[in-house]
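# Descriptive analysis of the structure
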Amino acid sequence: MSDGRVAVGQAAVDQLLEVLDLDSTGNMAFRGMSPPVGPQRVYGGQVAGQALVAAGRTVDPERFVHSLHGYFVRPGDPAEPIAYEVENIRDGRSFSVRRSVALQHGKPIFFMSASFQRAEEGLDHQVTAPLDVPPPQDVPTMADRLARYPERLGIWGQIPRPIDVRYVGEPGWVRPGDRPADPHQRVWMRIDGKLPDDPLLHACALTYASDLTLLDSVLSAHGEVWGPGGLVGASLDHALWFHRPFRADEWFLYDCLSPSASGARGLATGRMFTTDGRQIASAVQEGLLRRVGA
């Protein structure tokens, strides 16, 4: 389905699946492409998701990713293919560790370490999911919010929307002065269509989504916004831990907050919960943040 301007729903999800479906170019080497329409630099969640696809394809499918740690070292060019080289760090009895490097023009733009574990039983506990958050069906859709700010659309009004994102509070792309300070940045998310049952693909889709709103929690703490009259930013590093089985095409709450910001950098943490309160993942990211025109 399309709204006449951009792909949405299953059509957009199918495009995302194409982006995550890397070509094999050799022994533990792969190639990925960016969408034909997108921002001036490769979206961080895309390169992280593709790097995880590359790493996961070299691991026994009985072992599931439980953590990843990545660094963004150069901006990616969306007009150029991205080469992924995977290094087998270790295959142990329970864990497999891979290093996945994304390269353009022979230079790294991103590198990631990812760890995979065979299923085991053990202790089980978690924090309680936030209780004061309305369900996703009671939260404005992205289309509802964008209708109020057509001048803030820019490139985001042209690219496909494979993820249904519903902000509980004000998003970071509203007009300056329209956003009250809030320590939490909470959004409901889901892949806006049906995904295959492959757990690795759901982990890669969640990785893709995890970079969308996390850094915005730093701005939310100050009531700040992105773009004119606000700030510009870039992800510096990103870490993600997967706790419990999940489907990325079912609703999850992304509860984000920023414990610290200083030196033109902001630290953001996020927790992901299903609608029945299971904590499925945790994320941490640091980003560069500068005032527009500075």
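Identification of the chain as Acyl-CoA thioesterase II from Micromonospora tarensis is taken from an unreviewed UniProt entry. The UniProt entry for the chain carries the following text under Sequence similarities (unreviewed entry): "Belongs to the C/M/P thioester hydrolase family."

## What to know about the packing of helix H2 (residues 44-56) against helix H4 (residues 199-210)
Running from N to C, H2 and H4 cross one another at 160°; their axes reach a closest spacing of 7 Å. Overall, the two elements H2 and H4 adopt an arrangement that is roughly antiparallel. Regarding H2 and H4, the two cross each other, and that crossing is right-handed. Contact with H2, carried on its side by Gly-45, Gln-46, Ala-48, Gly-49, Leu-52, Val-53 and Gly-56, involves Leu-200, Ala-203, Cys-204, Thr-207 and Tyr-208 of H4 and no other residues of that element. A per-class count over the contact of H2 with H4 returns seven nonpolar, five polar and no charged.

## Section: the sheet that holds strand E10 (residues 252-262)
Taken in spatial order, the twelve strands line up as E1-E2-E4-E5-E6-E3-E9-E12-E11-E10-E8-E7 in an open sheet, and their pairing is antiparallel. Each having just a single partner strand, strand E1 (23-26) and strand E7 (163-167) make up the two edges of the open sheet. Between one strand axis and the next, the sheet turns through 25° on average, direction left out of account. Where E10 lies against strand E11 (residues 265-274), nine bridges are found, and the strand directions are antiparallel. When the bridges of E11 are listed, Cys-256 appears paired with Gly-270.

## Describing the UniProt feature "domain: Acyl-CoA thioesterase 2 C-terminal" (unreviewed entry) in the chain
Feature annotation in UniProt assigns "domain: Acyl-CoA thioesterase 2 C-terminal" (unreviewed entry) to the following positions: residues 177-288. This span, residues 177-288, is 15% helix and 46% strand, and a straight line between its end C-alpha atoms measures 22 Å.

## Quick look at unusual backbone geometry
The backbone phi angle of His-105 is positive, close to 55°, even though this residue is not glycine. With respect to the helices, strands and loops of the structure, His-105 is situated in the loop between strand E5 (95-104) and strand E6 (107-118).

## Some remarks on the pairing of E10
Of the strand pairs in this sheet, strand E8 (residues 184-191) and E10 are connected by six bridges, and their pairing is antiparallel. Bridge pairing in E10 links Arg-186 to Asp-255. Joining the antiparallel neighbours E10 and E11 is a turn of two residues, in which Gly-263 adopts a positive phi near 60°.

## Quick look at the packing of aromatic side chains
For the coordinates displayed, the defined rule picks out five aromatic pairs. With a centroid separation of 6.2 Å and an interplanar angle of 85°, the aromatic rings of Tyr-167 and Trp-173 are classed as edge-to-face. Both residues of the pair, Tyr-167 and Trp-173, count as buried. Ring centres of Phe-242 and Phe-246 lie 6.1 Å apart, and the angle between their planes is 10°; this geometry places the pair in the stacked category. Directly above the aromatic system of Phe-111 lies the positively charged group of Arg-99, at a separation of 5.2 Å from the ring centroid.

## Structural notes on the nonpolar core
Formed by 64 residues in total, the largest nonpolar core has its most connected members in Leu-52, Tyr-84 and Phe-110. The contacts of Tyr-84, once residues within four sequence positions are left out, are Leu-22, Met-28, Ala-29, Phe-30, Gly-32, Val-47, Gln-50, Ala-51, Ala-54, Ser-100, Val-101 and Ala-102. If you look at the next biggest cluster of nonpolar residues, it comprises five residues, including Val-133, Val-139, Trp-188 and Leu-253.

## A few points about the side chain of Arg-244
You can see Arg-244 is positioned in the loop between strand E9 (231-242) and E10. Relative accessible area serves as the criterion here: at 17%, Arg-244 is assigned to the buried category. Here the side chain of Arg-244 touches Asp-124 through a polar contact of 2.7 Å, side chain to side chain. A polar contact of 2.9 Å, which involves the side chain of Arg-244, links it to the backbone oxygen of Gln-279. In this structure Arg-244 touches Asp-124, His-125, Gln-126, Arg-278, Gln-279 and Ile-280, once residues within four positions along its chain are discounted.

How each quantity is defined
- Residues numbered from 1 in each chain as written.
- Predicted model: local features only at pLDDT ≥ 70, side-chain atom pairs only at ≥ 80, totals over all residues.
- Heavy atoms only, no water.
- UniProt positions renumbered as here; feature names shortened; annotations may be inferred.
- Axes fitted to C-alpha atoms, helices over the stretch in contact; angles between N-to-C directions.
- Helix = DSSP H or I, 4+ residues; strand = E, 2+ residues; numbered from the N terminus.
- Parallel < 35°, antiparallel > 145°, perpendicular 65-115°, else oblique.
- Left-handed = near helix turned anticlockwise from the far one by under 90°.
- Contact = heavy atoms within 4.5 Å.
- Nonpolar A, V, L, I, M, F, W, Y, C, P; charged D, E, K, R; others polar.
- Pairing = 2+ DSSP bridges.
- Phe/Tyr/Trp six-rings, centres within 6.5 Å; stacked < 30°, edge-to-face > 60°.
- Buried < 20%, exposed > 50% of the residue type's maximum accessible area, 1.4 Å probe, protein only.
- Lys NZ or Arg CZ within 6 Å of the ring centre and 35° of its normal.
- Core = buried A, V, L, I, M, F, W, Y, C linked by side-chain atoms within 4.5 Å.
- Polar contact = N/O pair within 3.5 Å; in protein donor to acceptor, adjacent residues only side chain to side chain.

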